[in-house]
Amino acid sequence: MTPTTPLALLIMVLALWLGPRRGFWLVAVALPFGSAAALSVGGTGTLSLADAALISLWLAWGLRDPRLTGLSAALTPGAPGTALIALLLWAGLGAMILPELLSARTEVYVAVQREGAAVWQRVPLAPGPGALGQCLRLALSVSALLLAQHVLRQGGAARGPPVVLAAATLMHAALAGADLASHTMGMPHLLDPLRSMRAMMLDNQVVGGVKRLVGGFPEPAGFAYFTIGLYAFWLRLWLSDHAPRGAGALTLLCGALLLRSTSSAAWACGAVVTLWILARHGRPGVERGQAVVLACLPGALGLLVIAWLTVPWLQGLTDQLLVQKLASVSGAERQSWALQSLRNLVETGGLGTGLGMSRSSGWLFACLGSLGVIGTGLYLKALAPVLFGSPDPSRPMTDVVILRAAQSGAGAILLQALLTRPHPDLGLFFAVLAGSVLGLRQRSI
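Going by the annotation in an unreviewed UniProt entry, the name recorded for the protein is O-Antigen ligase, with Litorisediminicola beolgyonensis given as the source organism.

Asker: Explanation requested: unusual backbone geometry in the structure shown.
Answerer: Glycine aside, the phi torsion of most residues is negative, and most peptide linkages are trans. A positive phi angle, close to 65°, is found at Ala-104, a residue other than glycine. Structurally, Ala-104 can be placed in the loop between helix H4 (80-101) and strand S3 (107-114).

Asker: Looking at this model, I keep getting lost on the packing of helix H14 (residues 397-420) against helix H15 (residues 428-442). Mind explaining?
Answerer: When two helices pack together, you describe them by how their axes are tilted relative to each other and by the distance separating the axes. In contact at an axis separation of 9 Å, H14 and H15 are set at 150° when each is read in the N-to-C sense. Classified by the angle between their axes, H14 and H15 sit roughly antiparallel to one another. Here the hand of the crossing between H14 and H15 comes out left-handed. Touching Asp-399, Ile-402, Leu-403, Ala-406, Gln-407, Gly-409, Ala-410, Ile-413 and Leu-414 of H14 are Phe-429, Phe-430, Leu-433, Ser-436, Val-437, Leu-440 and Arg-441, all from H15. Classifying every residue of the contact of H14 with H15 gives 11 nonpolar, three polar and two charged.

Asker: What is the right way to read the environment of Ile-11 from this model?
Answerer: Within the secondary structure, Ile-11 sits in helix H1 (residues 5-23). The buried category is assigned to Ile-11, whose relative accessible area is 11%. Excluding residues within four positions of it along the chain, Ile-11 makes contact with Leu-26, Ala-30, Leu-49 and Ala-53.

Asker: Before we go on, may I ask you to explain the pattern of salt bridges in this structure?
Answerer: Side chains carrying opposite charge are able to pair once their charged atoms draw close together. Here the structure, examined in full by the defined rule, presents four salt bridges. Asp-179 is the partner of Lys-211 in a salt bridge, and the nearest nitrogen-oxygen pair spans 3.1 Å. With Lys-211 in strand S6 (residues 210-211) and Asp-179 in helix H6 (residues 161-184), this residue pair connects regions lying 32 residues apart in the sequence. Residues Lys-211 and Asp-179 agree in their burial class; the two are buried.

Asker: Quick question: what am I supposed to make of H1 here?
Answerer: Here H1 contains 19 residues, and its C-alpha end-to-end distance of 19 Å is more than 12% below the 27 Å for a straight helix at 1.5 Å per residue. The sharpest bend along H1 measures roughly 70° and falls at Trp-17, with the proline Pro-20 sitting one to four residues further on. Within the sequence span of H1, burial applies to Thr-5, Ala-8, Ile-11, Ala-15, Leu-18, Gly-19, Pro-20 and Gly-23.

Asker: Help me out: how do you make sense of the nonpolar core in this one?
Answerer: Inside soluble globular proteins, nonpolar side chains tend to come together where they are buried. Counting 111 residues, the largest nonpolar core has Trp-234, Tyr-379 and Leu-426 as its most contacted members. The element contributing the most residues to this core is helix H7 (residues 220-238), with 13 residues. The residues touching Tyr-379, leaving out its near neighbours within four places in the chain, are Leu-87, Leu-138, Trp-363, Cys-367, Leu-371, Pro-424, Asp-425 and Leu-426.

Asker: Can you walk me through the packing of helix H9 (residues 264-280) against H14 in this structure?
Answerer: Put simply, H9 and H14 touch, their axes get as near as 10 Å, and they point 145° apart. Judged by the sense of rotation from one axis to the other, the crossing of H9 with H14 is right-handed. For the pair formed by H9 and H14, the contact residues are Ala-265, Ala-266, Cys-269, Val-272, Val-273, Trp-276 and Ile-277 on the first element and Ser-408, Ala-412, Leu-415, Gln-416, Leu-419 and Thr-420 on the second.

Asker: Whenever I open this one, the side chain of Asp-399 confuses me. Can you help?
Answerer: Tracing the chain through its elements places Asp-399 in helix H14. In this structure, Asp-399 is in contact with Leu-440 and Arg-443, ignoring residues within four places of it in sequence.

Asker: Looking at this model, I keep getting lost on the UniProt feature "transmembrane region" (unreviewed entry) in the protein. Mind explaining?
Answerer: Per the UniProt record, "transmembrane region" (unreviewed entry) is found at residues 33-61, 73-98, 221-239, 259-279, 291-311 and 362-380. As annotated, residues 221-239 has a helix share of 95% and a strand share of 0%, and its two end C-alpha atoms lie 27 Å apart. Annotated as 86% helix and 0% strand, the span residues 259-279 places its first and last C-alpha atoms 21 Å apart.

Analysis parameters
- Residues numbered from 1 in each chain as written.
- Predicted model: local features only at pLDDT ≥ 70, side-chain atom pairs only at ≥ 80, totals over all residues.
- Heavy atoms only, no water.
- Helix = DSSP H or I, 4+ residues; strand = E, 2+ residues; numbered from the N terminus.
- Axes fitted to C-alpha atoms, helices over the stretch in contact; angles between N-to-C directions.
- Parallel < 35°, antiparallel > 145°, perpendicular 65-115°, else oblique.
- Left-handed = near helix turned anticlockwise from the far one by under 90°.
- Contact = heavy atoms within 4.5 Å.
- Nonpolar A, V, L, I, M, F, W, Y, C, P; charged D, E, K, R; others polar.
- Buried < 20%, exposed > 50% of the residue type's maximum accessible area, 1.4 Å probe, protein only.
- Salt bridge = Lys/Arg side-chain N within 4 Å of Asp/Glu carboxyl O.
- Expected span 1.5 Å × (residues − 1).
- Bend = angle between axes of the 7 residues up to and from the residue.
- Core = buried A, V, L, I, M, F, W, Y, C linked by side-chain atoms within 4.5 Å.
- UniProt positions renumbered as here; feature names shortened; annotations may be inferred.

In structure tokens:
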């Protein structure tokens, strides 16, 4: 039991009562509570509130339809779901077999306790406790994608992703505001009841005199990782002729949260995503939202430059986050993790070390080092239709617009994952967006 277990039980009861079609929004609304645990699961870590909602929705689906009718549509030969199931099988078998089979053939980075603190040390490959936890995380993400695909294909999830993600965005912003307020008022432990996850909490970091926001997450990186997906989704939706009311305000809100995340990777990805969406994802002609952004962008950039030139603490903040970080011990450590993943790939003959066996830096390096060429290939095969598939032009324009927005959100998360993700699992939020893309593409007209 954890302090947030009663909240998890409430979410589970609601999920069982509502079922997957009416209750899928519970997963999205629970996602901002990234540091709230539903249940501790032995040595595999903890289940989050979103995990609990997801498992309950699968149970509700099974109780209503024991044959899980509709799942077969996601698992037809060549479909992304089939590649993901094959990836799960490969990852599970690899986690059990490869550490024994390739024992001491290569070295991996693992956390070692030294003088009461965890440090990352390179040791010979051997079976470890991280395999089960990482396999569980990957399985939950795959199941979230399949469930989102089924729900959206059937026309569920309330009125669609915009309504669901609007609720998630507002919850995320509320937790971020509470985090900032607690620090400002000198009450840093105000949100501790919600931070029940068995993980290191980096919730009170200050860089250049600025509090790094974590909101409902255990660390700033997790906060920024969630925010970049929301920002790209709302920006793409805002720049369409079918933008729902409030899309502009939610875009600006997520943009502000992204800036206040003080994550150098999120800043870089946010800039790339903004330029990419403005350049590539507008309809012919100048749209209302795009015209507003283009009109405001030069002025905003000018104000940022003036602020940087005139405000000393802002110069110090950017210097610490963008310049000193690359040359820091942390930067050098991350580079060594990525290089070791490539060595793992070569020294294991392309098989990888097995899921959960090592630490890496960057999603592609993590996949190659742990899943090998086969696992990485299956992963890329599953992601290609999500990121690059074009919607059927005969579909309702509202579906097309939402589908493209979900693609943009998933693409933004993957871009940040390529820079920062230490393991292959891309997380539940990416899975929800990816499943929404596939479900909207298959939805009956």
